[in-house]
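# Close look at the chain arrangement
Each chain, written out:
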Amino acid sequence: MADTHVLFVEDDDVIREATQLALERDGFVVTAMPDGLAGLEAFRADRPDIALLDVMVPGLDGVSLCRRIRDESTVPVIMLSARADSIDVVLGLEAGADDYVTKPFDGAVLVARIRAVLRRFGHASGPEGSGGAAAETAVPAEAVLRFGDLEVDTEGMEVRKGGQPVALTPTEMRLLLEFSNSPGTVLSRDRLLERVWDYGWGGDTRVVDVHVQRLRGKIGQDRIETVRGFGYKLRG
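The text that follows walks through the structure, step by step, so that each part is easy to find. This is a predicted model, so every value here is computed, not measured. (Residues numbered from 1 in each chain as written. Predicted model: local features only at pLDDT ≥ 70, side-chain atom pairs only at ≥ 80, totals over all residues. Heavy atoms only, no water.)

## Digging into the sheet that holds strand β8 (residues 158–161)
The condition is simple: Note on pairing: two strands pair once DSSP finds at least 2 bridges between them. Where helices and strands are cited, they refer to DSSP runs of H or I of at least four residues and of E of at least two residues respectively, numbered from the N terminus. With axes taken as lines fitted to C-alpha atoms, and helix axes fitted only over the stretch in contact, angles between N-to-C directions fall between 0 and 180 degrees.
Here four strands make up an open sheet; going across it, the order is β6-β7-β8-β9 and the pairing antiparallel. Where the open sheet ends on each side, the last strands, each with one partner, are β6 (144–147) and β9 (164–166). Within the sheet, the average angular offset between the axes of one strand and its neighbour, ignoring direction, is 25°.

Structure below.
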């Protein structure tokens, strides 16, 4: 199987070069760019399997670059942010990123996070990527599920609202499938992190909250209910 191609956009020369070397040692093919505009050109030319975007890069910042990529592709995107409490984390997720990693980061942690995202998207993830299976989203036995005017085709991986197709990213689709498998059941953020994001460890629940908001915007604000203090549930 072809090597996994990573687009890495980072303006700090030391971080960019060290991270590129670390990823290449783990078997990834890396295209590293110092600014957002060069990153966008490389994305369009190379069509990588995954993009790692630093939030603060010149020319075209990481959040804007993420939006441009998401307009053209569902390729997985991981944002890199210098502060865990930064508003940039939420902005990146709202722009369409699938996950984020806080700087400074350990190389092994970054590789593990990349592989987790790639497993969810069905890509290869380097020579050791088969180790450790991701938690699989359960697919209901019935092929097409209906919740009001919402239809979820669990075999064709298509969603329609009022008969019109709804475009979801793979992460949003996995999230909806998790809800669809247990309509009316409250799913905690920790469970969703484990089942959808393959977090076998504690993760930032903002990832869940922002993706739920994005999903609501596409399938209807009242379709997914917040149960304060517990999590979310899909209304049947």
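## Structural notes on helix α3 (residues 62–72)
Residues that lie three or four places apart on an α-helix share one face, since the helix turns once every 3.6 residues. For clarity, the threshold we go by: Exposed residues in this analysis have more than 50% of their type's maximum accessible area, buried residues have under 20%, and partly exposed residues fall in between, with area computed by a 1.4 Å probe over protein chains only. Picture the helix axis, draw a direction to every C-beta atom, and the arc is the one those directions span. Throughout, a residue-residue contact means that at least one pair of heavy atoms, one from each residue, lies within 4.5 Å.
Looking only at α3, the buried set comprises G62, V63, L65, C66, I69 and R70. Mapping the buried residues of α3 onto a view down its axis gives an arc of 160°, with all of them on the same face. Looking at the buried positions of α3, the neighbouring elements they touch are β1 (5–9), α2 (36–46), β3 (50–54), β4 (77–81) and α4 (87–94).

## Focus: the nonpolar core
Stated precisely, the cut-off is as follows: The set of buried Ala, Val, Leu, Ile, Met, Phe, Trp, Tyr and Cys residues whose side-chain atoms join them within 4.5 Å is what this entry labels a nonpolar core.
Counting residues in hydrophobic clusters, the biggest one holds 50 residues, and the most contacted among them are L53, M79 and F179. Considering each element in turn, this core owes the most residues, six residues, to helix α8 (residues 206–219). One finds L23, V30, L80 and I114 within the second-largest nonpolar core, a separate group that totals 17 residues.

## A word on the packing of α4 against α8
Going by this rule: Convention used here: angles under 35 degrees read as roughly parallel, angles over 145 as roughly antiparallel, angles from 65 to 115 as roughly perpendicular, and any remaining angle as oblique. Crossing handedness is defined as follows: a turn of the near helix away from the far one that is anticlockwise and smaller than a right angle gives a left-handed crossing, while the clockwise case is right-handed. Each residue is assigned to one class: nonpolar for Ala, Val, Leu, Ile, Met, Phe, Trp, Tyr, Cys and Pro, charged for Asp, Glu, Lys and Arg, and polar for all the others, Gly among them.
Direction vectors running N to C along α4 and α8 enclose 40°, while the axes themselves pass 9 Å from each other. Here α4 lies oblique to α8, going by the angle between them. You can see that α4 and α8 cross each other, and the crossing is right-handed. Across the interface between the two elements, V89, V90, L93 and E94 from α4 touch R206, V207, V210, H211 and R214 from α8. Among the residues forming the contact of α4 with α8, the class breakdown is five nonpolar, one polar and three charged.

## Points about the side chain of R223
Convention followed: Counting rule for charge: Lys and Arg are taken as positive, Asp and Glu as negative, and neither His nor the chain ends is counted. Salt bridges, as used here, are contacts in which a Lys or Arg side-chain nitrogen is within 4 Å of a carboxyl oxygen on Asp or Glu.
Among the structural elements, R223 can be located in the loop between α8 and β10 (224–227). One buried charge, R223, has no salt-bridge partner; the nearest side chain with opposite charge is D149, at 4.1 Å.

## Description of unusual backbone geometry
In this chain, K103 is followed by P104 through a cis amide linkage whose omega measures -5°. Within the secondary structure, P104 sits in the loop between β5 (99–102) and α5 (107–121). Despite not being glycine, R47 has its phi angle at roughly 50°, a positive value. Following the sequence through the fold, R47 ends up in the loop between α2 and β3. What makes R47 partly exposed here is its relative accessible area of 43%.

## Description of the pairing of β6
Regular strands have side chains that alternate between both faces of the sheet. Burial along β6 is one-sided: L145 and F147 are buried, and none of V144 and R146, which face the opposite way, are. Relative to strand β7 (residues 150–153), β6 is paired through four bridges, and the arrangement is antiparallel. Residue pairing across strands places R146 opposite E151, the latter belonging to β7. If you look at the hairpin formed by β6 and β7, you'll find two residues sitting between the two strands, and G148 has a positive phi there, around 65°.

## Notes on the sheet that holds β4
Ordered by their spatial adjacency, five strands build an open sheet running β2-β1-β3-β4-β5, and the pairing between neighbours is parallel. Taken across any chain shown, the strands that pair with only one partner, and hence form the sheet edges, are β2 (29–33) and β5. Between one strand axis and the next, the sheet turns through 20° on average, direction left out of account. Sheet analysis places β4 next to β5, joined by four bridges and oriented parallel. Pairing of M79 across the sheet is with Y100, part of β5. Helix α1 (residues 13–25) rests against β1, β2 and β3 of the sheet, and its axis sits at about 170° to β2.

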